[in-house]
Amino acid sequence: MSQDIRTIRKQNKRKKRKKRVLTWILVPLVVISLSTVAYGTFLYKKAESVVNESYKPMETVTQKREEKVDPIMDNVSLLLIGVDDSETRKFGTGTRSDALMVVTFNKDDNSVKLLSIPRDSYVKIPGKKNKTRINAAHAIGGTDLAIETVQEVLDIPIDYYVKMNFDAFIDVVDAIDGVEVEVPYLITEQDSKDLADAITLKPGLQTLNGEETLALARTRHQDSDIYRGLRQQEILKAIIKKGTSINSLTKLSGIISAVGSNMETNLTFNNMKSFVNYVINDKNLNFETLALEGSDSTINEAYYYQLDEQSLENVKLMLQTHLNGNTTDLTAADTDNNLAENGTE
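Below is a summary of the structure that appears in this document. (Residues numbered from 1 in each chain as written. Predicted model: local features only at pLDDT ≥ 70, side-chain atom pairs only at ≥ 80, totals over all residues. Heavy atoms only, no water.)

Looking at the overall build of the protein
Okay, step 1: A count of helical and extended segments in the protein gives nine helices and 14 strands.
Okay, step 2: By residue count, 45% of the 345 residues in the protein fall in the buried class.
Okay, step 3: For the protein, the proportion of contacts with a sequence separation of at least 24, taken over those separated by at least 6, is 68%.
Okay, step 4: Surface accessibility of the protein: about 18700 Å² in total, with carbon and sulfur atoms responsible for 52%. (Helix = DSSP H or I, 4+ residues; strand = E, 2+ residues; numbered from the N terminus. Buried < 20%, exposed > 50% of the residue type's maximum accessible area, 1.4 Å probe, protein only. Contact = heavy atoms within 4.5 Å. Areas by Shrake-Rupley, 256 points an atom, 1.4 Å probe, with all protein chains shown as cover.)

So, the sheet that holds strand 6 (residues 160-164)
Okay, step 1: With mixed pairing, the six strands of this open sheet are ordered in space as 11-6-1-2-3-12. Single-partner strands in this sheet number two, and they are strand 11 (263-265) and strand 12 (286-291). Within the sheet, the average angular offset between the axes of one strand and its neighbour, ignoring direction, is 20°.
Okay, step 2: Those strands touched by helix 8 (residues 309-324) are strand 1 (76-83), strand 2 (97-106), strand 3 (111-117) and strand 12, and its axis lies near 145° from that of strand 3. (Pairing = 2+ DSSP bridges. Axes fitted to C-alpha atoms, helices over the stretch in contact; angles between N-to-C directions.)

Topic: the pattern of salt bridges
One side chain can pair with another of opposite charge once the charged atoms of both are near each other.
Okay, step 1: Applying the stated criterion to the full structure yields 14 salt bridges.
Okay, step 2: Two residues, D225 and R228, come together in a salt bridge whose shortest N-O distance is 3.7 Å. With D225 and R228 both in helix 5 (residues 225-244) and three residues apart, this pair spans about one turn of that helix.
Okay, step 3: Exposure remark for D225: the relative accessible area of 10% places this residue in the buried category.
Okay, step 4: Accessibility expressed as a relative area gives 3% for R228, which makes it buried.
Okay, step 5: One salt-bridge network, held together by shared partners, links D98, R119, D120, R133, R220, D225 and R228. (Salt bridge = Lys/Arg side-chain N within 4 Å of Asp/Glu carboxyl O.)

Points about the pairing of strand 13 (residues 294-299)
Okay, step 1: With six bridges connecting them, strand 13 and strand 14 (residues 302-307) associate as antiparallel partners. In the sheet register, S297 faces strand 14, and the bridge partner there is Y304.
Okay, step 2: Hairpin remark: strand 13 followed by strand 14, antiparallel, with two residues in the connecting loop; positive phi at N300, about 50°.

Structure representation (structure tokens):
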């Protein structure tokens, strides 16, 4: 056998070995890549299904917009409703709201305003003769009456809402592997299953899991509802920061999927994607936290938080301006109602 033939055979054998090696390397990579795409598509579809199942429009709420708004194009408002419920409690439709937070988005100056409404705020609930705590609105008339009450108190339209219970809140935080927040002091709090003193948090900046974050959001034994609201605003900002820093389709879809049946909203899946894209694309978003000043009050031997009228008016004006630039975007019917209430009609 000539030297040339032996050389050619050796070269052919090396080429075959290289092909086998490349096959063993490339085939698993292709399979993994396809599996990842398929898994991402699966979670995307699952997330879309979850949102569709959670979708519930505002059926009886008085509309304060003459035209529908689009979160892609317009300044919009969102009401976050945290209900005092869980798989353990199962209070159902008679549940009081544990947290009410209004979020307004202004696309012109890339800003977001956050307002927590103290749960014991002494307000007029539409259709009821006497004032009472604002958290009773949800227990009396569900989501629609809670939204209606917030609209009347703040004199702004509520365009969208998201309602979640304790379980959903925990799932969201756990889905993003916890959030980094400042714990102001030593906290001992019950967990979501109402087990007393189950959660202990030491002071300082730290990453908390879902149960721990819920404990921080709920506690108010050592300060007040105002500070509780400010903590909830900081937690929301931490969730937004952590959640939107994860650009993976799989992760974002997983967050929505984790919520499951513990969420109710009038946001469509496309609306949600618009909000996520809005926050992700605008890296220089300016977050401002607002607070409603007031004082402790006892009426008929019951505790209430009496809102300071001047503080309320200031907050109303800030939110109205942030949403609309002026108040002319409110409906004519709304103007008529104000005239009637003031006795000038």
